[in-house]
Amino acid sequence: MPKENVINFLRACTNDTALLEKFERKNLPEVLLHAKSMGYRFTSEELSAVIGDMETKIITENMGEEINAYSSLWPKMWGKYRLQYVVEELFNTFSESELEQFLS
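These numbers come from a predicted model, not from an experiment. (Residues numbered from 1 in each chain as written. Predicted model: local features only at pLDDT ≥ 70, side-chain atom pairs only at ≥ 80, totals over all residues. Heavy atoms only, no water.)

## Side note on the overall build of the protein chain
When its secondary structure is counted, the protein chain shows six helices and zero strands. Starting at the N terminus and ending at the C terminus, the protein chain contains elements arranged as α-α-α-α-α-α. For 104 residues, the compact-globule formula gives about 13 Å, and the C-alpha radius of gyration of the protein chain, at 13 Å, lands near that figure. Considered along the principal axes of its C-alpha atoms, the protein chain spans approximately 40 × 30 × 25 Å. Looking at the protein chain as a whole, 36% of its 104 residues qualify as buried. Restricting the contact set of the protein chain to residue pairs at least 6 apart, pairs at least 24 apart contribute 59%. (Helix = DSSP H or I, 4+ residues; strand = E, 2+ residues; numbered from the N terminus. Rg over C-alpha atoms; globule rule 2.2 N^0.38 Å. Buried < 20%, exposed > 50% of the residue type's maximum accessible area, 1.4 Å probe, protein only. Contact = heavy atoms within 4.5 Å.)

## Quick notes on the side chain of Glu 89
Tracing the chain through its elements places Glu 89 in helix α5 (residues 82-90). A residue is classified by how much of its surface remains accessible, and Glu 89, at 19% relative accessible area, is buried. Reaching out from Glu 89, the side chain makes a polar contact with the side chain of Lys 80 at a distance of 2.5 Å. Ignoring sequence-local partners within four residues, the contact set of Glu 89 consists of Ile 58, Leu 73, Lys 76, Lys 80 and Gln 84. (Polar contact = N/O pair within 3.5 Å; in protein donor to acceptor, adjacent residues only side chain to side chain.)

## Describing the packing of aromatic side chains
For the structure on display, the rule yields three aromatic pairs. Geometrically, the ring pair formed by Phe 9 and Phe 23 is edge-to-face, given 5.1 Å between the ring centres and 85 degrees between the ring planes. With a gap of 14 residues between them, Phe 9 in helix α1 (residues 2-15) and Phe 23 in helix α2 (residues 17-24) connect regions that are remote in the sequence. Accessibility classification places Phe 9 together with Phe 23 in one group, the buried group. Three or more aromatic residues joined by ring pairs make a cluster, and in this case those are Phe 9, Phe 23, Tyr 40 and Phe 42. (Phe/Tyr/Trp six-rings, centres within 6.5 Å; stacked < 30°, edge-to-face > 60°.)

## Some words on the nonpolar core
Ranked by size, the top nonpolar core spans 30 residues in total, and within it Phe 9, Leu 10, Phe 42, Met 54, Leu 83 and Leu 90 carry the most contacts. Setting aside residues up to four positions removed in sequence, Phe 9 forms contacts with Phe 23, Val 31, Ala 35, Tyr 40, Phe 42 and Leu 83. (Core = buried A, V, L, I, M, F, W, Y, C linked by side-chain atoms within 4.5 Å.)

In short, geometric facts, not functional conclusions.
This is how it looks when you write it as structure tokens:
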């Protein structure tokens, strides 16, 4: 259920730019608190696990690279808020069926 809450939270941020803008400048404890108040209950560890899985899949499978300091994914986060990077460069690259895989 927590992974599903993370996916649903990221989906909500994708579908509502005002929501993404509201959250993008918040620090992690603030994101967790406000997400919880909206019904998306997850911990920082659960959020990190989903993000890490997405980064791993993109780097190793989609880009065909090793995970290291030279991955071509890393420059995509430059100049962006962390949540903006997660939504735009990670979450939005996955299809619904791929997102379902993260839940299993």
